[in-house]
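Single-letter residue listing:
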Amino acid sequence: MTLFTSGLTSFLATLGFAVIFNIPRRHLLTASLNGALGWMLYTLIMQLGGTIIFANFAGAVTVGLIGELLANHFRKPATIFIIPGIIPFVPGYGIFYTMESIMLQNFSEAVSKGSESFMIAVAIASGLIVSSTVGKYVRTYARRRKAT
Amino acid sequence: MPALERYEIKELLLFASLAGRVLLENGAETYRAESTVEHILSSRGISNVQAFVIPTAIFLSIEYENELYSHIERNKRIGIDLMRITRVNELSREFSSGDMSVTEAKIKLNDIKKSSQYNLWTRLLFAGVSSSFFTLMYNGGFVEFGGAMIASVITAAVTEFLFALDASLFMRNIFGGVVAAAASIAFSVLCVLLGIEVDMNIIIIGAIMTMVPGVAITNAVRDSISGDYVSGMSRTSEAIVISVALVLGVAVTLNASRLLLGGLMP
């Protein structure tokens, strides 16, 4: 899949979730664009031969940082841009597949897919925490400069 | 700041915990619920606030003028509604910075609790949109795209109906899985009869995409990394319950239809 089509499909997939998650109407497109940008970076890293964990981490950091910027600009909580943004990454199907393998007694598949899904979730979560911590420090720094 | 009467403290305590509960019900992070509750209470001059929040309950204890007050608020409903989180956030900011009365704030909060933005048809349509575009991300073609769209809209309609009936998370997902698989199988069998090539698995993946616990597991890890271990475990269990229910629904339906339809299945 080319970079452009992956961006387009993830944009629309995220848009659908943004409506399901009841994002304020004004921010629907920005939130979905956030998801698409993160997913395009993910696709690019995968095409360049990066590992799946690194690609997820980098994508989540991007989504998180853009989310913090948007949150600062619109004065809304960053969650409303971040939760839809990580939708293309989250290992929902991976967890489903793990459970399915357990049920079909295909245990080696379950272990390999299960640990991969778990590590993807860890990569995304740590990416988001890194970006929110950076956002917090930048905000404190800016406030301190304004005060002096 | 004027001294607070006993009943005023009670009202304030109930309002703060209700605000936290509305946040939890709509999928806010644990730290957000905690800090909102603390913020609301300390804005009225209560200095010692201890809030302990897990996804299923809020434990709150405050000290004011040598007396201890405490309250526990249970939460049993967990969904994701980012509009309501935004509005509670704005309400708490407005309440803390001005001198809004607790009664007024409570009315506004109850308003937020019931608010919704998109009507049922829009939600169903967009559930279909996201599912069908996910099939493209899983290398599906036009047939799978259409199949997932139809199957997902039907599934979303059934889960919305069960949600309105207050069915439990487990029941919602098990029926969601059954309906998603049944609709995908029906569509695929129809395609086979018409001589169209179809990949049924991709349609099923698309149809269940709006239910799989991807965000739940990510939030679980996020809570654990931030040090909210009990919340992390609670959300992990939620993710496991969702996926077990979904798999049960899908696997049972697939197996039963294999037995019934035999060679017709793609």
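Starting afresh in each chain, residues are numbered from 1 along the sequence in its written order. Chains and ligands are labelled by the order in which they are written, letters from A for the one and numbers from 1 for the other. It should be noted that, the model being predicted, local features are given only for residues of pLDDT at least 70 and side-chain atom pairs only at 80 or more, the latter also being counted only at that level, while totals for whole chains, interfaces and linings use all residues.

Visitor: Residue-level account of the overall build of chain B, with values.
Guide: To qualify as a helix, a DSSP run of H or I must reach at least 4 residues; to qualify as a strand, a run of E must reach at least 2; elements of each kind are numbered from the N terminus. Looking only at helices and strands, one finds ten helices and three strands in chain B. For chain B, the succession of helices and strands along the chain, N to C, is α-α-β-β-β-α-α-α-α-α-α-α-α. Across its three principal axes, chain B shows a C-alpha extent of roughly 80 × 35 × 30 Å. Exposure classes come from backbone-placed C-beta atoms, where a residue is buried if 20 or more other C-beta atoms lie within 10 Å of its own, exposed if 12 or fewer do, and partly exposed in between. Split into buried and exposed, the 266 residues of chain B put 48% on the buried side.

Visitor: Could you give an account of the overall build of chain A, naming the residues involved and the relevant values?
Guide: A tally of helices and strands in chain A yields six helices and zero strands. Mapped from its N terminus to its C terminus, chain A presents α and β elements in the order α-α-α-α-α-α. For chain A, the spread of C-alpha atoms along the principal axes amounts to about 65 × 30 × 30 Å. Counting the 148 residues in chain A, one finds 52% classified as buried.

Visitor: Before we move on, could you go through the nonpolar core and cite the residues and values that matter?
Guide: Note on terminology: a nonpolar core is any set of buried Ala, Val, Leu, Ile, Met, Phe, Trp, Tyr and Cys residues joined through C-beta atoms within 7 Å. Within the largest apolar cluster, 120 residues are counted, with the highest numbers of intra-cluster contacts made by Ile124 of chain A together with Ala19 and Ile208 of chain B. Of all the elements, helix α7 (residues 169–193) of chain B adds the most residues to this core, at ten residues. For each domain, the first and last residues come from an automatic or database assignment. Inspection of this core shows a minimum of three residues originating in each of domain 1 (6–114) and domain 2 (120–264) of chain B. For every residue pair, C-beta atoms are placed from the backbone, and the pair is scored as a contact if these atoms sit within 7 Å. Ile124 of chain A has contacts with Asn56, Ala60, Ile86, Phe89 and Val90 of chain A together with Thr218 of chain B, leaving out every residue within four places of it along the chain.

Visitor: Pulling in residues and values, what's your account of the interface of chain A and chain B?
Guide: At the interface, 36 residues of chain A touch 41 residues of chain B. Every element with two or more residues in the side of chain A that touches chain B is listed here: α1 (3–20), α4 (79–85), α5 (92–103) and α6 (107–147) of chain A. Looking at which element gives the most residues to the side of chain A that touches chain B, the answer is α1 of chain A, with nine residues. Under the scheme applied here, ten amino acids are nonpolar (Ala, Val, Leu, Ile, Met, Phe, Trp, Tyr, Cys and Pro), four are charged (Asp, Glu, Lys and Arg), and all others, including Gly, are polar. Partitioning the side of chain A that touches chain B into residue classes produces 26 nonpolar, seven polar and three charged.

Visitor: How would you sum up the pairing of strand β3 (residues 67–74) of chain B? Please name residues and give values.
Guide: All names here are of chain B. In terms of residue burial, β3 counts as a barely covered element, since only zero of its eight residues are buried. Pairing of strand β2 (residues 57–64) with β3 involves eight bridges; the strand directions are antiparallel. By the bridge assignment, Ile58 is partnered in β3 with Glu73. Counting the residues in the hairpin turn of β2 and β3 gives two residues, including Glu65, whose phi is positive at 45 degrees. When DSSP finds two or more bridges between a pair of strands, those strands are recorded as paired.

Visitor: Explain the environment of Thr86 of chain B residue by residue, including any values.
Guide: Residue position: Thr86 of chain B is located in helix α3 (residues 82–97). On a C-alpha basis, the gap between Thr86 of chain B and Thr155 of chain B in space is 28 Å, while along the polypeptide they are 69 residues apart. For Thr86 of chain B, the residues in contact, after removing those within four places along its chain, are Pro24, Lys76, Pro77 and Ile80 of chain A.

Visitor: Before we move on, could you go through unusual backbone geometry and cite the residues and values that matter?
Guide: All names here are of chain B. For Asn139, which is not glycine, the phi dihedral falls at a positive 65 degrees. The exposure class of Asn139 is exposed, given the 10 C-beta atoms found within 10 Å. For Asp166, which is not a glycine, the phi torsion comes out positive at approximately 65 degrees. Tracing the sequence through the fold places Asp166 in the loop between α6 (142–164) and α7.

Visitor: Quick one: what's the story with the pairing of strand β1 (residues 48–54) of chain B, residue by residue and with numbers?
Guide: Residue and element names in this part refer to chain B. Inspection of the sheet shows β1 paired to β2 by seven bridges, in the antiparallel sense. When the sheet's bridge partners are listed, Phe52 is paired in β2 with Phe59. Between β1 and the antiparallel strand that follows it, β2, lie two residues.

Visitor: Tell me about the environment of Leu162 of chain B, and please be specific about residues and values.
Guide: Residues and elements named next belong to chain B. Within the element layout of this structure, Leu162 appears in helix α6. Placed 61 residues apart in sequence, Leu162 and Asp223 show a C-alpha to C-alpha distance of 29 Å. Apart from residues lying up to four places away in sequence, Leu162 is in contact with Ala167, Met171, Arg172 and Phe175.

Visitor: Outline the sheet that holds β3 of chain B, supporting the account with residue identities and numerical values.
Guide: Residue and element names in this part refer to chain B. The strand order across the open sheet formed by three strands is β1-β2-β3, and the pairing between neighbours is antiparallel. Across the chains shown, the open sheet's two edge strands, defined by having one partner strand only, are β1 and β3. Direction aside, neighbouring strands of the sheet carry axes that sit 10 degrees apart on average. Note on method: axes are straight lines fitted to C-alpha atoms, helices fitted across the in-contact stretch only, with angles between N-to-C directions ranging 0 to 180 degrees. The strands touched by helix α2 (residues 30–42) within the sheet are β1 and β2, with β1 carrying the most contacts at an inclination of about 155 degrees.

Visitor: Now, about the domain arrangement of chain B: what can you tell me, with residues and values included?
Guide: Residues and elements named next belong to chain B. Domain boundaries assigned for chain B yield domain 1 (6–114) and domain 2 (120–264). The gap between the C-alpha centroids of domain 1 and domain 2 is 34 Å. The interface of domain 1 with domain 2 comprises eight residues on the first partner and ten residues on the second. The residue makeup of the side of domain 1 that touches domain 2, split by class, is five nonpolar, two polar and one charged.

Visitor: So what's going on with the packing of α2 of chain B against α3 of chain B? Residues and values would help.
Guide: All names here are of chain B. At a closest axis distance of 8 Å, the pairing of α2 and α3 adopts a crossing angle of 20 degrees. Classified by the angle their axes make, α2 and α3 are roughly parallel. Between α2 and α3 the crossing geometry is left-handed. Between α2 and α3, the contacting residues are Thr36, His39 and Ile40 on the first element and Ser92, Phe95 and Ser96 on the second. Its residues assigned to classes, the contact of α2 with α3 shows two nonpolar, four polar and no charged. Comment on the angle field: the value is read as roughly parallel under 35 degrees, roughly antiparallel over 145, roughly perpendicular from 65 to 115, and oblique elsewhere. Here a crossing is taken to be left-handed if its near helix is turned anticlockwise relative to the far helix by less than a right angle, and right-handed if that turn runs clockwise.

Visitor: Outline α1 of chain A, supporting the account with residue identities and numerical values.
Guide: All names here are of chain A. Under the 1.5 Å per step criterion, the end-to-end length of α1 is 26 Å for 18 residues, consistent within 8% with the ideal 26 Å. Here α1 lies mainly inside the structure; 13 of its 18 residues are buried. Two residues or fewer after α1 comes Asn22, characterised by a positive phi angle close to 60 degrees. An expected span of 1.5 Å times one less than the residue number is assigned to each helix.

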